[in-house]
Amino acid sequence: MLTAACLLILFVMVCPSKNQLFSDPCSTVLLDRDGELMGASIADDGQWRFPQSRIVPYKFMIAITQFEDQNFFLHSGVDYVSVVRAAYQNIASMSIVSGGSTITMQVVRIARKNQPRNFFQKFIEIIWSFRLELTANKLEILSLYASNAPFGGNVVGLDAAAWRYYGRSPDKLSWGEAATLAVLPNSPSLVHPGKNDKKLLEKRNRLLDKLFRKGFIDESTCELAKQEPLPGAPKPLPRLAPHLLDRLYADGHRGEIVTSSVDKHIQERLNELAAYHHGRLKANDISNLAALILDTETGEALGYVGNIPDFEDDVHGCQVDIITASRSTGSILKPFLYAALLQDGKILPTTLIPDIPSQIYGFKPENYNKTYDGAVPAKRALARSLNIPAVFMLRMYGADKFHFLLRKLGMSTIVYPASHYGLAMIIGGAEGTLWDMTGIFASMARTLKHYPEYNGMYDRSDFHSPTYIVTSGKRKPELTATPSIFSAAAIWTTFNAMIEVSRPDEERNWKYFSSSSPVAWKTGTSFGNRDGWAIGCTPQYTVGVWVGNADGEGRPFLTGISAAAPLLFDIFSVVKPRGWFSIPYDEMERIPICRYSGYKNGPNCESIDTIWALSQCANSGLCPYHQIVHLDSTEKYRVNSECELVANMKHKPWFVLPPVMEYYFRSKNSFYKMLPPLREDCSRGGGDMSSLEIIYPKPGAKIYVPVELDGTPGQSIFKAAHRAPEKEIFWHLDDEFVTVTTSLHSISIRPPPGKHRLTLVDEDGETIYVDFEVLEKGKKQN
């Protein structure tokens, strides 16, 4: 007898515990930040089975225990009265008509995959039930049952059943709905919503009557519950963020319930806006877009549209999550370079940056509108997203240094050395993801927002990647006196320029993009009009938008300003940002600048302005363009000591740009005064300013002579600039005269393959030359 008891105890102890009963694959479930269902995927075995929920709603708990096991909270796993009654009924009918199983025993039977119903299997269930009661409390056992019971078809568990049959969470079920689901596991294959409605209705109503008799519900509640309709065919689950749901798989959350940081109400409005703008863009054969809304303070994703959620469209790549896809960045990196130059004190916001035809080691950047301004203030170059000034600024900062900065900022897609990208990285030569780009702008905004809150200190962890998981609690800042990347003043000055973003050359109506609160925003357009970007930030929200085709097909007018910016500002109109960042005056000082060049004023600058700028900018270079010009007594001609007595000269400061910069600058700036010509009796001295400059070709250029449509050799166009356009320029190729030009200094010639020297001489004898090489067709350029 003692041996048998020991064996029984040993058998009980080796039975599975509560955590070992179920190993079936589960659906991956995506919840919003408040626990609302946003989507779920079917489990790997084809079942709708949500991961176990620890909480069983009150109505279902009452309904299921009264229907299946009314002594559930009293017995220790086996209801002996029910077992005796079931044995009597089975013997009387000579077949198994009643199991007498408790909910605990039913949990065991489900875990054991519904073994044949016989006395031996019933004994096993009883032993396992004892073990389960020893390792779990009643609510845990009820949770196991509710999470794993069959509810008809491929629906398993209360959570999945509530959503599939009623389109809501279990805690929101009515008494009628809870009673309906309580009777389903008893015979799920026979009683199925949409089939055998009469039998299902009878079972539900009998249970409701029982609940009334036992005082769980009153008479009116009972009668109203009976009037509720039975569920029809299973309903589809919500699909509010399908690409984020797919991302859970890639990030290792398969089969889990993930409470995301997404706000369901914001997500719904974002989906509506995305659908509306997709309809607008389809007219131009633009098939894809993505949008991301981040909480600036935490970096949490509040809205996530990875693409147009049209999964039946297998042509346009709607299944691709563009938020995590690498795309050409266009101009979206320019604010980072601008901030870095300010941080190093290399430029002032007003510093003139060249905007002229340029060719640098074979790389020939061009502005979007194919025009040139000669020179533009750095902040206007950023606001207008001019490419050529950006390349000049990158040369000033250093490509290697900027490459390192991008990796430090969090661009995970910068995987090649700086030499791979070259200067083109600032105008789309590098790839980035909307996730990284929006996160970097959010980190900049977060740093600027925290600066006054931390009394002029910096939090080392302000620069971090975004997250779609709710962060727990308020993190303790790691304060330091120095910024980890950008200072508050550098960020504020950059954002101040971005408030003025405009590209009237791309879109005449840019000024209609406005908001009730300021938004620092930047657009980007990749080469070939393949990608349109728009990212904006405020103290509360940072929003990123990408528009294009997933397969990389370019489309006319697919630009950041015309395709992506409208959606960006519609999103801001929904989230309603407020207020703006405080100016970090303690990191800034008033710096006197030359009104015309924007540099720190030099000794020859006459018109002085004062601006607030970063303190380190006080060490930036002095104005290089104001020079003392020697004039005769009439002030109509320049003179020098070879033709005029110094005592008779007038010495005046003059704003003088190099010839090519001047050539384009003067047509856009009416204040620019041309230098007076050199008096005829004066020879050009060694210290005199050059009046002549070659625009194209540049020194050391390697060029191809174009081929016409009919296959005949074409001609190359060479250009020059002169301070006095009316002057004659004599053109020579390899010491042989070619032609003479006046006013429009441009010629078309067809030099043969090989190395050449182009020499220009103006009528005053000023001479310049440039060496270049014409490559043969098919020869690889270095």
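Further up the page is the structure itself.
This report concerns the structure included in the present document.

Rules and cut-offs
Residues numbered from 1 in each chain as written. Predicted model: local features only at pLDDT ≥ 70, side-chain atom pairs only at ≥ 80, totals over all residues. Heavy atoms only, no water. Helix = DSSP H or I, 4+ residues; strand = E, 2+ residues; numbered from the N terminus. Buried < 20%, exposed > 50% of the residue type's maximum accessible area, 1.4 Å probe, protein only. Contact = heavy atoms within 4.5 Å. Areas by Shrake-Rupley, 256 points an atom, 1.4 Å probe, with all protein chains shown as cover. Axes fitted to C-alpha atoms, helices over the stretch in contact; angles between N-to-C directions. Parallel < 35°, antiparallel > 145°, perpendicular 65-115°, else oblique. Left-handed = near helix turned anticlockwise from the far one by under 90°. Nonpolar A, V, L, I, M, F, W, Y, C, P; charged D, E, K, R; others polar. Pairing = 2+ DSSP bridges. Disulfide = S-S within 2.5 Å. Patch = residues over 30% accessible without salt bridge, like charges linked within 9 Å, V, L, I, M, F, W, Y side chains within 5 Å. Salt bridge = Lys/Arg side-chain N within 4 Å of Asp/Glu carboxyl O. Core = buried A, V, L, I, M, F, W, Y, C linked by side-chain atoms within 4.5 Å. Phe/Tyr/Trp six-rings, centres within 6.5 Å; stacked < 30°, edge-to-face > 60°. Lys NZ or Arg CZ within 6 Å of the ring centre and 35° of its normal. Polar contact = N/O pair within 3.5 Å; in protein donor to acceptor, adjacent residues only side chain to side chain. Expected span 1.5 Å × (residues − 1).

### Comments concerning the overall build of the protein chain
Then step 1. For the protein chain, the helix and strand inventory stands at 21 helices and 28 strands.
Then step 2. By residue count, 54% of the 782 residues in the protein chain fall in the buried class.
Then step 3. A separation threshold of at least 6 residues defines the contact pool for the protein chain, and within that pool the share at least 24 residues apart is 66%.
Then step 4. Here the protein chain has roughly 35,400 Å² of accessible surface; of this, 53% comes from carbon and sulfur atoms.

### Here's the deal with the packing of helix α13 (residues 334-343) against helix α16 (residues 399-409)
Then step 1. Axis separation between α13 and α16 bottoms out at 11 Å; the angle between their running directions is 110°. By the criterion of interaxial angle, the relationship of α13 to α16 is roughly perpendicular. For the element pair α13 and α16, the recorded crossing hand is right-handed. Contacts from F336, L337 and A340 in α13 reach F402, L405, L406 and L409 in α16.
Then step 2. Split by residue class, the contact of α13 with α16 holds 7 nonpolar, no polar and no charged.

### Considering the sheet that holds strand β7 (residues 301-305)
Then step 1. Strand order in the open sheet made by the 5 strands is β7-β6-β16-β15-β14, with antiparallel pairing throughout. Edge positions in the open sheet fall to β7 and β14 (520-525), since each of these has one partner strand only. Averaged over all pairs of adjacent strands, the angle between strand axes in this sheet comes to 5°, irrespective of strand direction.
Then step 2. Pairing geometry for β14 and strand β15 (residues 531-537), over 6 bridges, is antiparallel. Paired with A520 across the two strands is C537, which belongs to β15.
Then step 3. Along the sheet, helix α19 (residues 488-499) contacts β14 and β15; its crossing angle with β14, the most-contacted strand, is approximately 70°.
Then step 4. Across the face of the sheet, helix α20 (residues 560-575) comes into contact with β6 (288-295), β14, β15 and β16 (541-548) while running at roughly 30° to β15.

### Digging into helix α2 (residues 58-68)
Residue pairs spaced three or four apart in an α-helix point in one direction, given the helix's 3.6 residues per turn.
Then step 1. Among the 11 residues in α2, 8 count as buried, and that is most of the element.
Then step 2. The inward-facing, buried residues of α2 abut α4 (103-111), α6 (138-148), α7 (158-166), α8 (175-183) and α9 (197-213).

### A few points about the state of the cysteines
Think of a disulfide as a covalent bridge from one cysteine sulfur atom to another cysteine sulfur atom.
Then step 1. Using the criterion set out here, one finds 1 disulfide in the structure.
Then step 2. Across a sulfur-sulfur distance of 1.6 Å, C643 and C682 are joined as a disulfide pair. Disulfide C643 to C682: torsion about the S-S bond roughly 85°, handedness right-handed. In this pair, C643 is assigned in the loop between β19 (626-631) and β20 (650-655) and C682 in the loop between α21 (659-668) and β21 (692-696), connecting sequence segments 39 residues apart.

### What to know about a nonpolar patch on the surface
Then step 1. On the surface, I583, Y585 and W612 cluster together into a nonpolar patch covering about 280 Å² of accessible area.
Then step 2. Structurally, Y585 is set in the loop between α20 and β17 (588-594).

### Points about the sheet that holds β21
The strands making up a sheet associate through backbone hydrogen bonding, with each pair oriented either parallel or antiparallel.
Then step 1. Spatial strand order, β21-β23-β26: 3 strands in an open sheet with antiparallel pairing. Edge strands, defined here as strands with exactly one partner in the open sheet, are β21 and β26 (746-749). The sheet shows a mean angle of 25° between the axes of neighbouring strands, taken without regard to direction.
Then step 2. Bridge count for β21 against strand β23 (residues 716-722) is 4 bridges, and the pairing is antiparallel. From the neighbouring strand, I694 faces β23, where its bridge partner is A720.

### Structural notes on the pairing of strand β24 (residues 728-733)
Then step 1. Looking at chain direction, β24 and strand β25 (residues 736-742) are connected through 6 bridges and run antiparallel. When the sheet's bridge partners are listed, H732 is paired in β25 with F737.
Then step 2. The hairpin turn running from β24 into β25, its antiparallel successor, is 2 residues long, and D734 in that turn takes a positive phi close to 55°.
Then step 3. Sheet analysis places β24 next to strand β27 (residues 754-762), joined by 5 bridges and oriented antiparallel. For H732, the partnering residue across the bridge sits in β27 and is T759.

### As for the environment of G700
Then step 1. With respect to the helices, strands and loops of the structure, G700 is situated in the loop between β21 and β22 (701-704).
Then step 2. The exposure class assigned to G700 is exposed, which follows from its relative accessible area of 55%.
Then step 3. Counting along the chain gives 56 residues from G700 to H756, while the straight-line C-alpha distance between them is 9.9 Å.

### Here we look at the nonpolar core
Then step 1. In this structure, L333, F336, F402, F486 and F495 are the most contacted members of the largest nonpolar core, which totals 86 residues.
Then step 2. Examining the composition of this core, we find that 10 residues originate from one element, helix α18 (residues 434-453), more than from any other.
Then step 3. Sequence-distant contacts of F486, that is, excluding residues within four places in its chain, are made with F336, A339, A340, Q343, L405, L409, M444, T447, Y458, F463 and I491.
Then step 4. Ranked by size, the runner-up nonpolar core spans 55 residues in total, among them I124, I141, V183 and L230.

### Remarks on the packing of α13 against α19
Then step 1. Here α13 crosses α19 at 135°, and the two axes come no closer than 9 Å. By the angle between their axes, α13 is oblique relative to α19. Classified by chirality, the crossing of α19 by α13 is right-handed. Side by side, α13 and α19 meet where P335, Y338, A339, L342 and Q343 of the first sit next to A490, T493, T494, A497 and M498 of the second.

### Things to note about the packing of aromatic side chains
Then step 1. Under the counting rule described, the total for this entry stands at 28 aromatic pairs.
Then step 2. Ring centres 5.1 Å apart and planes at 45° place the aromatic pair F336 and F441 in the tilted group. In this pair, F336 sits in helix α13 while F441 sits in helix α18, placing the two residues 105 residues apart along the sequence.
Then step 3. Classification of F441 as buried rests on a relative accessible area of 0%.
Then step 4. An aromatic cluster of three or more residues is present, and its members are Y596, Y599, Y625, F655, F665, F671 and Y672.
Then step 5. A cation over an aromatic ring shows up here: K364 above the ring of Y696, its NZ or CZ 5.2 Å from the ring centre.
Then step 6. The ring of W654 is capped by K673, whose NZ or CZ atom sits 4.9 Å from the centre of that ring.

### Considerations on the side chain of R679
Then step 1. Tracing the sequence through the fold places R679 in the loop between α21 and β21.
Then step 2. On the basis of relative accessibility, which here comes to 18%, the residue R679 falls in the buried class.
Then step 3. There is a polar contact of 2.8 Å between the side chain of R679 and the side chain of D681.
Then step 4. Ignoring any residue separated from it by four or fewer positions in sequence, one finds R679 in contact with D632, Y637, R638, V639, C643 and E644.

### Regarding helix α12 (residues 264-282)
Then step 1. Between its first and last C-alpha, α12 extends 27 Å over 19 residues, near the 27 Å set by a 1.5 Å rise per residue.
Then step 2. Residues of α12 that are buried: K264, I266, Q267, L270, L273, A274, H277, H278 and L281.
Then step 3. Turning to α12, the residues buried within the fold contact β2 (37-40), β6, β7, β16 and α20.
Then step 4. Its side-chain oxygen 2.9 Å from the backbone nitrogen of H265, D263 forms the N-cap of α12.

### Quick look at the pattern of salt bridges
Then step 1. The final tally for this structure, using the stated rule, is 29 salt bridges.
Then step 2. Between K449 and E297 there is a salt bridge, with the nearest N and O atoms lying 3.3 Å from each other. Highlighted residues: K449 in helix α18 and E297 in the loop between β6 and β7, separated in sequence by 152 residues.
Then step 3. Connected via shared salt-bridge partners are E36, D171, K172 and K264.

### Considering unusual backbone geometry
Then step 1. Residue Y696 is joined to P697 through a cis peptide bond whose omega torsion reads 10°.
Then step 2. For P697, the location among the structural elements is in the loop between β21 and β22.
Then step 3. In the Ramachandran plot, K370 falls in the positive-phi region, its phi being about 65° despite a non-glycine side chain.
Then step 4. Assignment of secondary structure puts K370 in the loop between β9 (352-355) and β10 (374-377).
Then step 5. With relative accessibility at 54%, the residue K370 sits in the exposed group.
Then step 6. For N455, which is not glycine, the phi torsion reads 55° and is therefore positive.
Then step 7. As for its placement among the helices and strands, N455 is situated in the loop between α18 and β12 (458-459).
Then step 8. You can call N455 exposed: its relative accessible area is 70%.

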